[in-house]
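Breakdown of the fold
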Amino acid sequence: MKQSDPPFGTVHGRRALLTGAAASGLTFALAGTTAERARKSEKLDPVMAAVAADPDSAFATQLGETIDGGLDTIRPDHGSRAVGKGELRVNVKDFGAVGDGVTDDTAAINKAKAAALASGAEFWVPHGTYLSDAPITWADVSDVRVHMDGRVKRKDTSSRDSLFLFRNVSGLQIGTIRTDGNVASNGLAQSDAVVYPVDEAKHDVRLDGCADVDISLIDSRNPAGDTLYITGGTTRVKIDRVNAVADRSSGRNAVSLIDCSKVSLNALTSVGVGCSDGVVAMPGGFDIEPNRGQTVSDVTVGQIIVDTSGASGFSVFGNYTVEGVRQINRVSIGSVVLTKTAGVRSAACDIPVRGVERLNVASLLHTTDAANANQALSIVDASDVEINVDIPRSGGAVPVRIGASAIVDRLTLRGRIGKSGGHCIEVGALTNSRIDMSLKNPADGCMVISKNATGTSSNVRFNGDWAKATTGSGAMNIEGTVTGWLLDGVDLTGWAAGHRVRGSGNPGAVERRNVRGLTYGTAAPVGDAWDVGQFVDNLTPTEQGTAGAKFVIRGWVCVVAGDPGAWVPVRALTGN
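Residues numbered from 1 in each chain as written. Predicted model: local features only at pLDDT ≥ 70, side-chain atom pairs only at ≥ 80, totals over all residues. Heavy atoms only, no water.

1. Considering the overall build of the chain
- Summing up its helical and strand segments, the chain has four helices and 35 strands in all.
- A burial count over the chain gives 52% of its 576 residues as buried.
- Relative to all contacts within the chain whose residues are 6 or more apart in sequence, the contacts with residues 24 or more apart total 71%.
- When the accessible surface of the chain is split by element, carbon and sulfur atoms take 50% of a total near 22200 Å². (Helix = DSSP H or I, 4+ residues; strand = E, 2+ residues; numbered from the N terminus. Buried < 20%, exposed > 50% of the residue type's maximum accessible area, 1.4 Å probe, protein only. Contact = heavy atoms within 4.5 Å. Areas by Shrake-Rupley, 256 points an atom, 1.4 Å probe, with all protein chains shown as cover.)

Put into structure tokens, the structure is as follows:
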């Protein structure tokens, strides 16, 4: 029998069907595996009993209206359930929701949610804009299904909570969830007593202590806090897409991972999110930032696109390493495209990386406007990090700073920096690493690579095109002490003698191998710092001497360290 067949095409008919089914022990045809049908039956049977007890109740009427897709079979099989073509769906409009963007639909939405939970049905929001207070909560339940063709909008000056809160939910399936954070009417006064368009407690969607979560799409407008905030040890999360758009620089973030594991996100697009003014500027994109005592691990993201004037835009930031144990572990990112514009009150770095082990970013493009003076990339307190970065230009004093306050170990950094407002890269505490980059145009008075006086650095290999373009004062400056540094295949063409490897530390200890513009020449060096035994090849060897003792000068070897040190020619007899 089909739901559409007379006499069941009316609310009364459907209620009669439900009542008769409940009284006769008949059962709905439910889809799914045997185990899944059994779970759904456990939830549906009490509902049927309630309908039989009071067939004229509002609940019975509303449940009758929500049957979606028809019933394939209704059989007196006393518990054996055939596979149906559809399942129950609870429509918020059947519980009084209007969806005009003006009427307060909070009560209707929560009634529909309760009915969906009681019956195991899908919670459904049809097309429209539904005004609601926060939170709409699912807590301590399992096998929850949500789908929204319409959008739920946060009320003006709503409660300081997440709009959709899923707490301790296992088996959460969300087809699409559409939100409007209404940040223009949900800001918060900060310590200067000014209300700014952000409230860090008013997230659109919060997963707290959840497991086995599958989300197809989160579509957010004007979030007041985060579009998606994941915490509480949430695990096994799979998300296809998150789209977050703000009409102005507002809100906190598009995605924040705070305390979670085994999270997979295919694609994130964030435009305009991230309040740039206020006492504290907000991140404004993708942020892994566990609080004290929390961890984030096993994160995989395919693509991140962020356009923001917020504090950062893309960050992997664990600030509470304890006894060498870092908070963030095993993060893999496919590509990041970050467009960063200057905010009113910006932080020091657009891409902070801290407190992480095993981070891989296959492609990271950082573009910025001329007004943004932030540092582009900072890496500190990290190990086993591999990033391929492209920074066409940076207005900051140092685009890339490594190991400024805590050691970085086993870093592989590839890519290019096209133009810098200071040194191209500043190195502090860095060990067992490789930097393979095209580095161009440090600011006048600045260097391509600058080793500061703090922090130890050892076993670092450099490769790439550092040839002088238009600006800059030198290639490498060493303050403090380095060991095991190697220039291998670096191009230093165009840098004058005395401006290639220098500094007040021990620049002569930097080993040079096949360095164009440094380890090749037509005469012994007259500048730069050298160590005993280092060799410069002669680019123009010519035969010299008298008959029977003719020779060529293969090059020159340093016999006294210094700048430039003392050199002697190395001759090779020709046999003529």
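2. Points about the confidence of the model for the chain
- Of all residues in the chain, 84% have pLDDT values of 70 or greater, and the mean over the chain is 87.
- Confidence over residues 1-31 falls short of pLDDT 50; this stretch has 77 contacts with residues more than four positions distant or in other chains.
- Taken as a whole, residues 66-86 scores under 50 in pLDDT and shows 58 contacts with residues more than four places along the chain or in a different chain. (pLDDT = per-residue confidence, 0-100.)

3. Observations regarding the side chain of Asn182
- Residue placement: Asn182 occurs in the loop between strand S7 (164-180) and strand S8 (188-189).
- Owing to a relative accessible area of 10%, Asn182 belongs among the buried residues under this scheme.
- The contact partners of Asn182, leaving out residues within four places of it in the chain, are Lys153, Arg154, Lys155, Asp156, Arg221 and Asn222.

4. Remarks on unusual backbone geometry
- In the segment running from Ala134 into Pro135, the intervening peptide bond is cis, with an omega of 0°.
- Structurally, Pro135 can be placed in the loop between strand S4 (129-132) and strand S5 (136-148).
- With a phi angle near 55°, Asn168 is a residue other than glycine that sits in the positive phi range.
- Among the secondary structure elements, Asn168 is positioned in strand S7.
- Residue class for Asn168 comes out partly exposed when judged on its relative accessible area of 37%.
- Even without being glycine, Arg236 reaches a positive phi, approximately 55°.
- Within the secondary structure, Arg236 sits in strand S13 (residues 234-250).
- The exposure class of Arg236 is partly exposed, given its relative accessible area of 41%.

5. Observations regarding the environment of Asn319
- Counting through the fold element by element, Asn319 comes out in the loop between strand S18 (314-317) and strand S19 (328-340).
- Looking at Asn319, the relative accessible area reads 37%, which means it is partly exposed.
- In this structure Asn319 touches Gln327 and Arg354, once residues within four positions along its chain are discounted.
- Reaching out from Asn319, the side chain makes a polar contact with the side chain of Arg354 at a distance of 3.2 Å. (Polar contact = N/O pair within 3.5 Å; in protein donor to acceptor, adjacent residues only side chain to side chain.)

6. Some words on the nonpolar core
- Phe166, Leu207, Leu413, Ile425 and Trp466 are the most contacted members of the largest nonpolar core, which totals 115 residues.
- Ranked by residues supplied to this core, first place goes to strand S21 (residues 375-391) with eight residues.
- In this view, Phe166 contacts Trp138, Val146, Leu172, Ile174, Val205, Arg206, Leu207, Asp208 and Cys210; residues no more than four positions away in its chain are not counted. (Core = buried A, V, L, I, M, F, W, Y, C linked by side-chain atoms within 4.5 Å.)

7. Overview of the pattern of salt bridges
- A full pass over the atoms with the stated rule returns 29 salt bridges.
- The closest approach of N and O atoms between Glu289 and Arg252, which form a salt bridge, is 3.9 Å. Taken together, the residues Glu289 in the loop between strand S16 (286-288) and strand S17 (296-308) and Arg252 in the loop between S13 and strand S14 (253-257) connect sequence positions 37 residues apart. (Salt bridge = Lys/Arg side-chain N within 4 Å of Asp/Glu carboxyl O.)

8. Quick word on the sheet that holds strand S32 (residues 520-521)
- Pairing is mixed in the open sheet, where four strands are placed in the order S32-S33-S34-S35. The sheet terminates laterally at S32 and strand S35 (566-573), the two strands that pair on one side only.
- In terms of strand pairing, strand S33 (residues 535-538) meets strand S34 (residues 551-560) through three bridges, oriented antiparallel. Paired with Val536 across the strands is Trp556, a residue of S34. (Pairing = 2+ DSSP bridges.)

9. Observations regarding the packing of aromatic side chains
- Within the structure shown, the criterion is met by seven aromatic pairs.
- With centroids separated by 6.4 Å and ring planes inclined at 20°, the aromatic side chains of Trp138 and Phe164 adopt a geometry described as stacked. Residue Trp138 is found in strand S5, and its partner Phe164 is found in strand S7; the two are separated by 26 residues along the sequence.
- Taking the relative accessible area as the measure of exposure, Trp138 reaches 1% and is therefore buried.
- Judged by centre distance (5.0 Å) and plane angle (85°), the rings of Trp530 and Trp567 are edge-to-face. In this pair, Trp530 sits in the loop between S32 and S33 while Trp567 sits in strand S35, placing the two residues 37 residues apart along the sequence. (Phe/Tyr/Trp six-rings, centres within 6.5 Å; stacked < 30°, edge-to-face > 60°.)

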